[in-house]
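# Coordinates in review
Next come the chains, spelled out residue by residue.
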Amino acid sequence: MNWLNTEAFTLLDQHILWSDMIGNIFGLIALALGWRRSIWSWPVQFLSGLVLFGAFFGHLTGSAGKQVVVMLVAGWGWWQWNRSKGQSADGQIVPRFASWRERAAMIGAAAVGTVAVALLFKAYPTLSWDPWPDAYIFVGTVVAMYAQARGMVEFWFAWLLVDLVGVPLNFANGYAFSGFVYVIYGALVLWGMRDWWLRSRKDTRPVLEGAPA
């Protein structure tokens, strides 16, 4: 797997690694599939985590460990969507807004999780170059994937908040391709948010035969 950490090409004086490019292309495809509410979003997310795990394993333990968590959440998301599919006319999941209790729980989990992971990274400096923003992105990604698995429109808001930190952090750490991809993520997030928002407002309840339209 050493070839994953070799240079693929140079773009605007930025050295693009194979692992950075392949893993993030899969991540971009997974997000696009999530927009379409395709269950294949989850296997592609798993594949993205697997590629990045192979790139980090052996020299960046913390980064490799984070990809294990991402793969586990992707597996859980696949299971959740399999259980929930078929609820709409097109056979896919039905997007919905989270309740205020769910929102509070996700915000609380994100805050506590970010602090806990950042303190872990600070205690073991080899796990991360930038403990606080790295912890924020990692925990935010997990929260976004959780919300996506539950079909919540808020999953797009979570990705947008991750993007705001992910773009400058990736450029600063030399992962230029990740930075460029996060910019594209931002555009996809806005389109996906609009699509899920509109779908969540549609009445998907079946009309009973003989009932007034």
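Residues numbered from 1 in each chain as written. Predicted model: local features only at pLDDT ≥ 70, side-chain atom pairs only at ≥ 80, totals over all residues. Heavy atoms only, no water.

## Re the confidence of the model for the protein chain
Summarising the model, the protein chain shows a mean pLDDT of 80, and 77% of its residues fall at 70 or more. When mean pLDDT is taken per element in the protein chain, helix 4 (residues 100-123) scores highest with 95 and strand 1 (residues 7-11) scores lowest with 67. Here residues 203-213 is modelled with pLDDT under 50, and outside its nearest four sequence neighbours on either side it reaches one contact, counting other chains as well. (pLDDT = per-residue confidence, 0-100. Helix = DSSP H or I, 4+ residues; strand = E, 2+ residues; numbered from the N terminus. Contact = heavy atoms within 4.5 Å.)

## Here's the deal with the packing of helix 4 against helix 5 (residues 131-149)
Two elements in contact, helix 4 and helix 5, have axes separated by 8 Å at closest approach and are oriented at 145°. The interaxial crossing formed by helix 4 with helix 5 has right-handed handedness. Here Met-106, Ala-109, Ala-110, Gly-113, Thr-114, Val-115, Val-117, Ala-118, Leu-119, Phe-121 and Lys-122 of helix 4 come into contact with helix 5, specifically with Pro-131, Trp-132, Asp-134, Ala-135, Tyr-136, Phe-138, Val-139, Val-143, Tyr-146 and Ala-147. Of the residues belonging to the contact of helix 4 with helix 5, the class tally is 17 nonpolar, two polar and two charged. (Axes fitted to C-alpha atoms, helices over the stretch in contact; angles between N-to-C directions. Left-handed = near helix turned anticlockwise from the far one by under 90°. Nonpolar A, V, L, I, M, F, W, Y, C, P; charged D, E, K, R; others polar.)

## As for helix 4
Taking 1.5 Å of rise per residue, 24 residues should cover 34 Å, and helix 4 covers 34 Å from first to last C-alpha, within 8% of that figure. When we look at burial in helix 4, the residues that qualify are Arg-103, Met-106, Gly-113, Thr-114, Val-117, Ala-118 and Phe-121. (Expected span 1.5 Å × (residues − 1). Buried < 20%, exposed > 50% of the residue type's maximum accessible area, 1.4 Å probe, protein only.)

## Concerning the packing of aromatic side chains
Centre-to-centre distance and the angle between the planes together describe a pair of aromatic rings. A full pass over the atoms with the stated rule returns nine aromatic pairs. Judged by centre distance (5.8 Å) and plane angle (65°), the rings of Trp-40 and Trp-78 are edge-to-face. Of this pair, Trp-40 sits in the loop between helix 1 (18-35) and helix 2 (41-56) while Trp-78 sits in helix 3 (residues 61-84), placing them 38 residues apart in sequence. Relative to Trp-156, the ring of Phe-155 has its centre 4.3 Å away and its plane inclined at 40°; by these criteria the two rings are tilted. Since its relative accessible area comes to 0%, Phe-155 is described here as buried. A relative accessible area of 0% places Trp-156 in the buried class. (Phe/Tyr/Trp six-rings, centres within 6.5 Å; stacked < 30°, edge-to-face > 60°.)

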